[in-house]
Amino acid sequence: KTGWKKEFVENSVPVLPISGDDMCADIVMKASGHYVPVSEFFAIQCGRLLENEYYPTPFCDGYNPPATTTALRHRRSNKKAVYIDTSSCRYNVVRYVAATVGWEEVRHDGPVHVVWVDTSLSENRIMKLPRGARINHFPGMIVICRKVDSARLLNKMKRLHPESYSFVPTTFFNYNDFLRTKKGVGGDKWYIVKPDSGCMGKGIRLSHAPKKEMFENAVVQSYVQDPLLIDGCKWDMRVYVLVLSVDPLRMYIYKDGFIRLCTEKYHPPTLANADNTLIHLTNYAIHKKSKKYSTNCKRRFSYMFDHIRGLGFDPNKLWDSISDLAVKTLLSVNEQLKYSYRAAFPDESNTGDSCFEILGFDVLIDRKMNPWLLEVNHAPSFTCDTILDYEVKSGLISEAVRLLGVELDDEKMRAVPRTPEIRKEMLKRFAKRKEEHEASVVKKFSLIYPSRSEARGVEYDK
């Protein structure tokens, strides 16, 4: 394919800038003292499996690639062939990871085991899903990502369990409720207005005295005015959570990720600086357009944990609070998710794993080490603008697809035609095998629901 851009790097890490409608990412890797062009690796994906053709080593955690494509075929011959449909996916890193784990792009009229799409799950998409295939979104999950719907759910839980849901900022979606509450609030309070279906920071603004029209298709939240700063700048965390099932709920949290710093020093909101989004909003889409932006505006969790440790706080305690935040957020919507899932997949033999989803939680930390939920993204971006993006996102997707255990599905399908008693016993054994499989492949993910802590389990059951 002509028109590929060549980007050279001095270290041995591939760079994945996405450009136009190219089916392959632009990768040039320096390996063994020479640069390897993108075509040598993607010869695998494009079907040109040439004998003894070397390709760059994928930098995915836990993957030990064969040296040649001949060796790759030998490795695949001992495994069940897994086919993935990425025709509705624009992220080349997904195709790249699929190739590294030995999955193949679906062929015309061929079998499909996994479907990866970028948008939320429509009824039409569910009806077209082949029997036994999995798709990377849950029906109804968008409810937790819409600002108004999520505000209703989380506000309800906060009224019932105020201490457990203290991570939810005070949120209003009704002007009259706002007026009644504001009477007892001091005059120095600021609010942040978020459009219901907005993304990438579009339409977000600060207001000292929100007007009635600001509540139309939007929510108004209390602005957290004492954020923890790094290098004098406000920042937030992008935390990735893998949902393997909603009935029953099964969740993992990814221990790697990045923080995103603002490009201008933080100052508490005033009438003079309230419109300066580079001070107050942490959305990456806003800051990457700033003249002050640099790759240093994204940093790994490890840097942030070292910073917190240097301030005398325990990063493990903070991470535990963030994991708890993620679980309680999903619990607030889980009954709706169960209903939507069973309506879409009514077959009694369905074990709840026809869908999976990687969610992106945006979390703000204040100076007292309290985490605050900013929003949940049901379709977090997997664009790789930097080497850090690539390292985190490829590792995330790679381990996530391994946790699916697609290779075990044949064992599950054998239980379907049996009598109810035998099927129940076989599915019970299958569930145990699946848990064993997850334990054998998990590295940077950790199981957060069901909780291994008895005390947490009792709290979640409430």
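In the block above lies the structure referred to throughout.
This text gives an overview of the structure that appears in the document.

**Here we look at the pairing of strand β3 (residues 83–88)**
Point 1. In terms of strand pairing, β3 meets strand β4 (residues 104–105) through 2 bridges, oriented parallel. Its bridge partner lying in β4, isoleucine 84 is registered against glutamate 105.
Point 2. A crossover connection joins β3 to the parallel β4 through helix α3 (residues 92–100); in handedness this β-α-β unit is right-handed.
Point 3. As judged from the 3 bridges shared by β3 and strand β5 (residues 114–117), these two strands associate in the parallel manner.

**Section: the pattern of salt bridges**
Where charged atoms from two side chains of opposite charge come close, those side chains can pair.
Point 1. In this structure the tally under the stated criterion is 25 salt bridges.
Point 2. Arginine 260 is the partner of aspartate 236 in a salt bridge, and the nearest nitrogen-oxygen pair spans 2.8 Å. Of the two residues, aspartate 236 is situated in strand β11 (residues 235–246) and arginine 260 in strand β13 (residues 258–261); the sequence distance between them amounts to 24 residues. Here aspartate 236 and arginine 260 have matching classes, each one buried.

**Re the sheet that holds β4**
Point 1. Here 4 strands make up an open sheet; going across it, the order is β4-β3-β5-β6 and the pairing parallel. Lying at the two open borders of the sheet, with one neighbouring strand each, are β4 and β6 (134–135).
Point 2. Relative to β6, β5 runs parallel, the two being bridged by 2 bridges. Residue pairing for β6: valine 114 is matched across the bridge by arginine 134.

**Considerations on the packing of helix α9 (residues 301–310) against helix α10 (residues 315–331)**
Point 1. One can describe the packing of α9 onto α10 by two numbers: an axis separation of 9 Å at closest approach and a directional angle of 125 degrees. Between α9 and α10, the angle falls in the class oblique. Judged by residue contacts, Phe301, Met304, Phe305, Ile308 and Arg309 of α9 engage Pro315, Leu318 and Trp319 from α10.
Point 2. Residues of the contact of α9 with α10, tallied by class, amount to 7 nonpolar, no polar and 1 charged.

**Re the side chain of histidine 113**
Point 1. Tracing the backbone through its elements, the reader meets histidine 113 in the loop between β4 and β5.
Point 2. According to the relative accessible area criterion, histidine 113 is buried, its value standing at 15%.
Point 3. Setting aside anything within four residues of it in sequence, one finds histidine 113 in contact with Lys80, Ala81, Val82, Tyr83, Gly132, Ala133, Arg134 and Val406.

**As for the packing of α3 against helix α12 (residues 387–404)**
Point 1. Running from N to C, α3 and α12 point in directions that differ by 50 degrees, and their axes come no closer than 9 Å. When the axis of α3 is compared with that of α12, the two are oblique. α3 and α12 meet at a crossing whose hand is right-handed. Contacts from Val93, Val94, Tyr96 and Val97 in α3 reach Tyr390, Ser394, Ile397, Ser398 and Val401 in α12.
Point 2. Partitioned by chemical class, the residues of the contact of α3 with α12 number 7 nonpolar, 2 polar and no charged.

**Details of helix α11 (residues 334–344)**
Point 1. Turning to α11, its buried residues are Asn334, Leu337 and Tyr341. Along the axis of α11, the buried positions cluster into a sector of 55 degrees, meaning they face one direction only. Turned more than 90 degrees away from the buried face of α11, the exposed residues are Glu335, Tyr339 and Ala343.
Point 2. In this structure, the buried side of α11 is in contact with β11, β12 (249–254) and α10.

**Quick notes on the nonpolar core**
Point 1. Counting 59 residues, the largest nonpolar core has Met237, Met251 and Phe361 as the members making the most contacts within it.
Point 2. Not counting chain neighbours up to four residues away, the residues in contact with methionine 237 comprise Phe258, Ile259, Arg260, Phe301, Met304, Trp319, Ile322, Phe361, Asp362, Val363 and Ile365.

**A look at the sheet that holds strand β9 (residues 205–207)**
Point 1. Strands sit in the order β7-β10-β8-β9 across an open sheet of 4 strands; the sheet is antiparallel. The outermost strands of the open sheet, each flanked by one partner alone, are β7 (171–172) and β9.
Point 2. Across 5 bridges, the pairing between strand β8 (residues 191–195) and strand β10 (residues 218–222) is antiparallel. Bridge assignment links isoleucine 192 to a residue of β10, and that residue is glutamine 221.
Point 3. Packing of helix α5 (residues 147–160) onto the sheet brings it into contact with β7, β8 and β10, and relative to β10 it is tilted by some 50 degrees.

**Structural notes on the packing of aromatic side chains**
Point 1. Inspection of every chain in the model, using the stated rule, returns 20 aromatic pairs.
Point 2. Residues phenylalanine 178 and tyrosine 191 carry aromatic rings whose centres are separated by 5.0 Å and whose planes lie at 80 degrees to one another, so their mutual orientation is edge-to-face. Here tyrosine 191 lies in strand β8 and phenylalanine 178 lies in helix α6 (residues 175–182), a separation of 13 residues in the sequence.
Point 3. On the basis of relative accessible area, phenylalanine 178 is assigned to the buried category, the value being 2%.
Point 4. By relative accessible area, tyrosine 191 is classed as buried at 2%.
Point 5. Within the aromatic cluster, the residues linked to one another by ring pairs are Phe172, Tyr175, Phe178, Tyr191 and Phe215.
Point 6. For the cation-ring pair, lysine 298 lies above phenylalanine 258, with the distance from its terminal atom to the ring centre recorded as 4.6 Å.
Point 7. The ring of tyrosine 284 carries lysine 298 above its face, with NZ or CZ at 3.8 Å from the centroid.

Parameters and conventions
- Note that residues are indexed from 1 along each chain, following the sequence as it is written.
- Reporting of local features is limited, given that this is a predicted model, to residues whose pLDDT is at least 70; pairs of side-chain atoms are given and counted only at 80 or more, and all residues count toward the totals for whole chains, interfaces and linings.
- Only hydrogens and water are set aside; all other atoms, that is, all heavy atoms of the structure, feed into the side-chain values.
- At least two bridges found by DSSP between two strands is the condition for calling them paired.
- For the purposes of this entry, the term helix denotes a DSSP run of H or I that reaches at least four residues, the term strand denotes a run of E that reaches at least two, and both are numbered from the N terminus.
- A right-handed crossover is one whose linking path, passing over the helix from the first strand to the second, runs clockwise when the strands point away from the viewer.
- Take a side-chain nitrogen of Lys or Arg and a carboxyl oxygen of Asp or Glu: if they are within 4 Å of each other, that pair is a salt bridge.
- Each residue's exposure class comes from its accessible area (1.4 Å probe, protein chains only) as a fraction of the maximum for that residue type: buried when under 20%, exposed when over 50%, partly exposed otherwise.
- To obtain an axis, a line is fitted to C-alpha atoms, over the contacting stretch when the element is a helix, and the angle between two such axes runs from 0 to 180 degrees between their N-to-C directions.
- Oblique is the label for every angle not falling under 35 degrees (roughly parallel), over 145 degrees (roughly antiparallel), or within 65 to 115 degrees (roughly perpendicular).
- Contact between two residues is taken to exist if any of their heavy atoms lie within 4.5 Å; hydrogens are not considered.
- Classification used: nonpolar for Ala, Val, Leu, Ile, Met, Phe, Trp, Tyr, Cys and Pro, charged for Asp, Glu, Lys and Arg, polar for all others including Gly.
- Crossings are assigned a handedness: left-handed for a near helix turned anticlockwise from the far helix by less than a right angle, right-handed for a clockwise turn.
- Arc, as used here, means the arc of the directions from the helix axis to the C-beta atoms.
- To form a nonpolar core, buried Ala, Val, Leu, Ile, Met, Phe, Trp, Tyr and Cys residues must be joined to one another through side-chain atoms within 4.5 Å.
- For Phe, Tyr and Trp, rings pair up if their centres lie within 6.5 Å, where Trp contributes its six-membered ring, and each pair is then called stacked (planes under 30 degrees apart), edge-to-face (over 60) or tilted (otherwise).
- In our convention, an over-ring charge means Lys NZ or Arg CZ found within 6 Å of a ring centre and within 35 degrees of that ring's normal.

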